[in-house]
Amino acid sequence: MQTTKAPKLKTKRSKISYAKWGYIFIAPFFLAYALFHFAPQMLTIYNSFFENYREGLTQVGPNFVGLKNYITLFTPDKNGTIDILKYAGNTIVLWLGCAVPQVVISLMLACFFTSYRLKIRGQQFFKTVIYMPNLIMASAFSMLFYMLFSNVGPVNQLLTQAGWIDAPIDFFNIRFTVRSLISLMNFLMWFGNTTILLMAGIMGIDQSLFEAANIDGATSLQVFFKVTLPLLMPILVYTVITALIGGLQMFDVPQVLTNGLGTPNRSSTTLVMYLNNYLKTSKNYGMSGAISVVIFIITGLLSLVVFKSLTKQEEN
Amino acid sequence: MKKNSADSRKARVMLTLSRVLVYALLIFISILCLFSFYMLIINASRTNADLQGGFKALPQGHFLENLKNAWNDSSINIPRGMLNSFVIAAATAILSTYFSALTAYGLHAYQFKLKRITFLFIMAVMVIPKQVSAAGFVQLCYKLKLTNSYLPLILPGIAAPVVFFYMIQYMKSVLPMEIVEAARVDGSGEFFTFNRIVLPMLKPAISVQLIFTFVESWNNYFLPALLLDKAEMKTVPIMIAQLRAADYSKFDLGKVYMFILLAILPVLLVYIFLSRYIVKGVTAGSVKG
Amino acid sequence: MKKYLALLLAVLMLTAMFAGCASKETTTDTPAASTETAEPAKTEETKSEEPAAEEAPASEEGKVFNIYAWNEEFKGFFEKYYTVPEGVTVNWIITPSADGAYQDKLDEALLNQESASADDKVDLFLAEADYILKYTQSPVTQDITALGVTDFSNTYAYTVQAASDASGVVKGVSFQCCPAALIYRRSIAKDVLGTDDPAEVQEKLNSWEKFNAVAAEAKAKGYLMTASEAATYRVFSNNVTSPWVDENNNLQIDSAIQTWMQQAKDFSDNGYTQDCDIWSDECTAQMFKDGKAMCYFGPAWYFNFSMGNAQDAEKGCFGDWAICEGPQAHFWGGTWLLAPAGTDNPTMVADIMNTFINNEEVCTNLVKNEAQFSNNQKVNELVAQDESYGSDFLGGQNDIALFCDLAKNIKFENNTIYDQLLNEGLQANWREYCKGTVTEDEAMSNFYKYINEKYPTIVTP
């Protein structure tokens, strides 16, 4: 926008003389990437075309097998289920269960905390409290939840004492309750994080715009949709995409809660739990590499959809 | 006039009502969040045998005893572990945040040929699942003899796509290029502009990412467990796992919960300290002048 | 801002590097310093008393002795009861077992053993019964009889079987023995069987037919036979007559395992037990005074490690327990010391192993001071014969005497490197069928998937 104002000559000069700074500024990132991340990541993709695992301590492979690992992944079992699609479905259901409330509630909280009108007292307290679940290690957090909802845990005791149920509810073996608990835990662990991200985003917005809107007598909703949301869009895009990436890589909570089994009947097995099954014991880099690539493709596609649809809105 | 005051009364009622609702929601959510900490504190005050009996709603009298036992456990050195974890987490957080901001600024502020492809590349590597490459990374460290060193835990943080992505999105929403142009007109060098003018404007984003990267590094177990074996280099999560792996004559769940609780305190302090910097940004207009 | 960042960064990096260097210094400096004087002669004198040890002064062997372990149990015994040769530094590399970290770390070290420098080589490592075969059946471990550990006359046979490879080459020893028994609630046994005397109870529970029949009687009186359908699993799986896979690597489910599967489903359907993991709160909750479960299965360590509820001062039932052999002999747990190939301290490896199985003084200390059931029959039996001994938890019963008898009947046969995970996987997947959340076909199909993911070479139906 401002380039139209600036003299043509200056723009041209700035393009020529500043390009090298771009390269200089991004150099450390790529240096560190090349040193530490490149080889392991490329190996992941490379390995997906190989038979490469351990039988006890004996290394089998790497032998080039072409697309065999992918074919194995997408071969239906004798009941006609394609496992990886089932686990992708599980993962997406679990993700939606936590991501939707996470973004909505976090956006609400971020607006409350930054609102001129509400002027919430005890902000520091609330902001600290909502972030606290993120500080506990996921495994410890899951341990506590397991204790709460076990068949002899307090939740079942209370429900029984209240006379609402006769026999304890087997929370970790009913599809609906397992999935709800996993989503709830993930929500609790991450909504504080998201709130802070969005809050920082709102606070970064040029404050004079809010003042101007207030003087013009805009209602809170008008301010939110006309000022906050459009300017916050880049950060919101970030929030949704990272929530998507994190969600599709959901692992520790369902792993600990269901003891790695994805009970009942593997309905809470996520893609990364599936990957982990291959990776942990037999170091099956072939199959786990192939699953990684599938996760990569699914995440990439979904991110693209999110990115495109949200940035299109932004343009409108 | 009359209508106006009725309106403002209505507005005041609405404001009070929404305040009540907001506080109710905040209190409800806070209870949900604090409940797990309440359980943690209670469990940290119970003996191992008592903990095997399941949940208890009220604290028991063994808090100090567990604290003493955990502190004096010969297999772990809590202050040392905290120091080690702090060094690693702080260094990772600082490197990660600074260089991500630098990279993001490089892509945000400059026009160059490979700009678009670079951005897409970083976005693509952000999407690659970590699990498998973590295993490859461990093998790489063994090959390069980088075990028993903090460097492989700290330096990879320089290339942190997620932090980068946040920084560039944040710049998109708050960093007008006029400011950079203005600095250039004033004769400011590019690094000077970044460090003295751009970074201060990113303070809230930097604080946020310092917190997140610090917490993530502080709670990281798998890589440090495989790369560090000297007792004096071990980090907090390794020590907690070690307490949990103790043999039956020494196993004490009370001690485990106590250490989990202790391990949260430093991160909580870091959070409280850094979150003060998540404040309303300077208005762009004032800097421009 | 930049200045502060740079300063902080520099300080942090320095601390990090310093921490790294400091650790190296401390491990090499301290012990080497005291060796230069007249003391080596003394070492050789004491050494020559050992029959197995060759004339190999420590100076010819490596100066650093690396021991890999997942916790500090053995470290404690080692530091108390083993005299390290002068000039050798013992380095403990302790990696917790959580998340498979211990085996990952150990495997990486063993597979890089050849290229590792002498001071970095693994010299001794610890392994549990559940995965010991992974190491003994691989060339990463070596024959300990060649190193000078040859006398197994006092050890329990199964501990040697467990440490041997397919062709019978012994690769390590255990410093403890873990015979397991049927642990029953005395008061419930009185009510159901009319007696709580170990010999009489054993008479009424010495076969699975009797055990299953008693389960029905217990149920009729309002009790549970066991607190978990998997409580009896280990007894069956320790007594299989065929391994998990045949010679063509086809999965086979032994008849003993099939018997358990039938029993688990029957017990579950009839309400003789609960569908839960043996480690779950649900299972251990039945150990309280108001608990309903009559039988648990476990070795001596189970009393202290898993029966905290029974020992609870208020809600427990201390002294209301006793043990008997039960339907079949079995064992549970135990730690083995294995000799890695390529160690640069072979004499010391052999010396440590001999100390912990054949040195009667050390073994007696383990039993008397450390509450261990040692791997030396002679020593254990001396303690067992002590008339004055009795366990208060077991209502005065002499458990050591019973364990001495049980230990002789334990077998370690038909094992494979797959055992641990296949046993766990079957229990977990079968439990879903017992609960009724899946059909039998689904349970088995999930079990096969579980196997295919973990062990690509096993052929499943």
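This one's a predicted model, so the numbers in the text were calculated from it and none came from an experiment.

The rules behind each value
- Residues numbered from 1 in each chain as written.
- Chains lettered and ligands numbered in written order.
- Predicted model: local features only at pLDDT ≥ 70, side-chain atom pairs only at ≥ 80, totals over all residues.
- Helix = DSSP H or I, 4+ residues; strand = E, 2+ residues; numbered from the N terminus.
- Buried ≥ 20, exposed ≤ 12 C-beta atoms within 10 Å, placed from the backbone.
- Rg over C-alpha atoms; globule rule 2.2 N^0.38 Å.
- Contact = placed C-beta atoms within 7 Å.
- Domains from an automatic or database assignment.
- Nonpolar A, V, L, I, M, F, W, Y, C, P; charged D, E, K, R; others polar.
- pLDDT = per-residue confidence, 0-100.
- Axes fitted to C-alpha atoms, helices over the stretch in contact; angles between N-to-C directions.
- Parallel < 35°, antiparallel > 145°, perpendicular 65-115°, else oblique.
- Left-handed = near helix turned anticlockwise from the far one by under 90°.
- Core = buried A, V, L, I, M, F, W, Y, C linked by C-beta atoms within 7 Å.
- Pairing = 2+ DSSP bridges.
- Right-handed = clockwise from strand over helix to strand, strands pointing away.

Draft legend 1. Main features of the overall build of chain C. Each helix and strand counted, chain C has 20 helices and 10 strands in total. For chain C, with 461 residues in total, the buried portion stands at 48%.

Draft legend 2. Summary view of the overall build of chain A. Within chain A one finds 13 helices and 2 strands. Scaling as 2.2 N^0.38, a compact globule of 316 residues should have a C-alpha radius of gyration of about 20 Å, whereas chain A reaches 25 Å, well beyond that. Taken over the C-alpha atoms alone, chain A extends approximately 70 × 60 × 35 Å along its principal axes. Within chain A, buried positions represent 47% of all 316 residues.

Draft legend 3. Inspection of the interface of chain B and chain A at higher detail. With 78 residues of chain B at the interface, the matching set in chain A holds 79 residues. If you tally residues by element for the side of chain B that touches chain A, the top one is helix H1 (residues 2–43) of chain B, at 14 residues.

Draft legend 4. Examining the environment of Ile 257 of chain C more closely. All names here are of chain C. Note that Ile 257 resides in helix H11 (residues 255–270). The spacing of Ile 257 and Asn 238 is 19 residues in sequence and 9.7 Å in space, taken between C-alpha atoms. When sequence neighbours within four positions are dropped, the list of residues in contact with Ile 257 reads Phe 236, Ser 237 and Val 240.

Draft legend 5. Fine view of the domain arrangement of chain C. Residue and element names in this part refer to chain C. As assigned here, chain C comprises domain 1 (23–34 + 45–177 + 334–382) and domain 2 (180–330 + 408–454). Each partner contributes to the interface: domain 1 provides 10 residues, whereas domain 2 provides 11 residues. Only helix H5 (132–136) and helix H6 (157–162) provide two or more residues apiece to the side of domain 1 that touches domain 2. Here the residues of the side of domain 1 that touches domain 2 sort into 6 nonpolar, 2 polar and 2 charged.

Draft legend 6. Representation of unusual backbone geometry within the structure. Note that the residue after Gly 61 of chain A, namely Pro 62 of chain A, is joined by a cis bond; omega there is 0°. In this fold, Pro 62 of chain A is placed in strand E2 (residues 58–64). With a phi angle near 50°, Lys 283 of chain A is a residue other than glycine that sits in the positive phi range. Residue placement: Lys 283 of chain A occurs in the loop between helix H12 (271–280) and helix H13 (285–315). A positive phi angle, near 55°, is found at Asn 414 of chain C, a position not held by glycine.

Draft legend 7. Region of the structure containing the interface of chain B and chain C. Residue-level contacts link 37 residues of chain B with 39 residues of chain C. Those elements that place two or more of their residues in the side of chain B that touches chain C are helix H2 (48–52), helix H4 (78–109), helix H10 (190–201), helix H12 (222–227) and helix H13 (236–244) of chain B. Broken down by element, the residue count for the side of chain B that touches chain C peaks at 6 residues, all from H4 of chain B. The residue inventory of the side of chain B that touches chain C, partitioned by class, reads 22 nonpolar, 10 polar and 5 charged.

Draft legend 8. Main features of the confidence of the model for chain C. Residue and element names in this part refer to chain C. Confidence in the prediction for chain C averages 85 pLDDT; 87% of positions are at 70 or higher. pLDDT under 50 marks residues 7–58. Its contacts with residues more than four places away, or in other chains, come to 58 contacts. For this predicted complex, the interface confidence reaches an ipTM of 0.87, while the overall pTM sits at 0.87.

Draft legend 9. Here's a closer look at the packing of helix H8 (residues 175–204) of chain A against helix H11 (residues 203–218) of chain B. One way to put it is that H8 of chain A packs onto H11 of chain B with a least axis distance of 9 Å and a crossing angle of 165°. By the angle between their directions, the pair H8 of chain A and H11 of chain B is classed as roughly antiparallel. As H8 of chain A runs across H11 of chain B, the sense of the crossing is left-handed. From H8 of chain A, Asn 193, Ile 196, Leu 197, Ala 200, Met 203 and Gly 204 of chain A reach across to H11 of chain B, where they touch Pro 204, Ala 205, Val 208 and Phe 212 of chain B. Grouping the constituent residues of the contact of H8 of chain A with H11 of chain B by class yields 8 nonpolar, 2 polar and no charged.

Draft legend 10. Representation of the environment of Ser 164 of chain C. Residues and elements named next belong to chain C. Examined against the element boundaries, Ser 164 turns out to sit in the loop between H6 and strand E4 (172–174). Residues Ser 164 and His 330 lie 166 residues apart in sequence; the distance between their C-alpha atoms is 18 Å. Sequence-distant contacts of Ser 164, defined by excluding residues within four places in its chain, comprise Thr 136, Val 169, Val 170 and Lys 171.

Draft legend 11. Local environment of the nonpolar core. Formed by 302 residues in total, the largest nonpolar core has its most connected members in Ile 291 of chain A, Met 167 and Phe 214 of chain B together with Met 294 and Met 353 of chain C. At 17 residues, the largest contribution of residues to this core is made by H4 of chain B. Each residue touching Met 294 of chain C, except ones within four places of it in the same chain, is listed here: Tyr 184, Arg 185, Ile 188, Ala 189, Val 192, Ala 218, Tyr 223, Leu 224 and Met 225 of chain C.

Draft legend 12. Seen up close, the confidence of the model for chain A. Averaged over chain A, the pLDDT score is 87; the fraction of residues at 70 or greater is 93%. Overall, residues 1–16 of chain A carries pLDDT values under 50, and its contacts beyond four positions in sequence, including any with other chains, amount to 5 contacts.

Draft legend 13. Region of interest: the pairing of strand E1 (residues 64–69) of chain C. Residue and element names in this part refer to chain C. For E1, a buried count of 6 out of 6 residues is recorded, marking the element as mostly surrounded by other parts of the structure. Both faces of E1 are covered, namely the face carrying Val 64, Asn 66 and Tyr 68 and the face carrying Phe 65, Ile 67 and Ala 69. Note: E1 against strand E2 (residues 89–94), 6 bridges, orientation parallel. Bridging from a neighbouring strand, Ala 69 pairs with Ile 94 of E2. Crossover connection from E1 via helix H3 (residues 73–81) to parallel E2: handedness right-handed.

Draft legend 14. Molecular detail of the pairing of strand E3 (residues 122–128) of chain C. Residues and elements named next belong to chain C. Counting buried positions along E3 yields 6 of 7 residues, so the element is predominantly enclosed. Inspection of the sheet shows E1 paired to E3 by 3 bridges, in the parallel sense. Residue pairing for E3: Asn 66 is matched across the bridge by Val 122. Summarising the sheet, E3 and strand E10 (residues 335–338) pair through 4 bridges and their orientation is antiparallel. Residue pairing in the sheet places Ala 127 in a bridge with Trp 336 of E10.

Draft legend 15. Summary view of the environment of Pro 340 of chain C. All names here are of chain C. On the secondary structure map, Pro 340 appears in the loop between E10 and helix H15 (346–358). In sequence terms Pro 340 and Asp 151 are 189 residues apart; their C-alpha atoms lie 20 Å from each other. Here Pro 340 is in contact with Leu 110, Gln 113, Val 122, Asp 123, Phe 125, Val 140 and Thr 141, once residues within four sequence places are set aside.

Draft legend 16. Just the sheet that holds E1 of chain C, in detail. Residue and element names in this part refer to chain C. Pairing is mixed in the open sheet, where 5 strands are placed in the order E2-E1-E3-E10-E4. Taken across any chain shown, the strands that pair with only one partner, and hence form the sheet edges, are E2 and E4. Adjacent strand axes in the sheet meet at a mean angle of 20° when their direction is disregarded.

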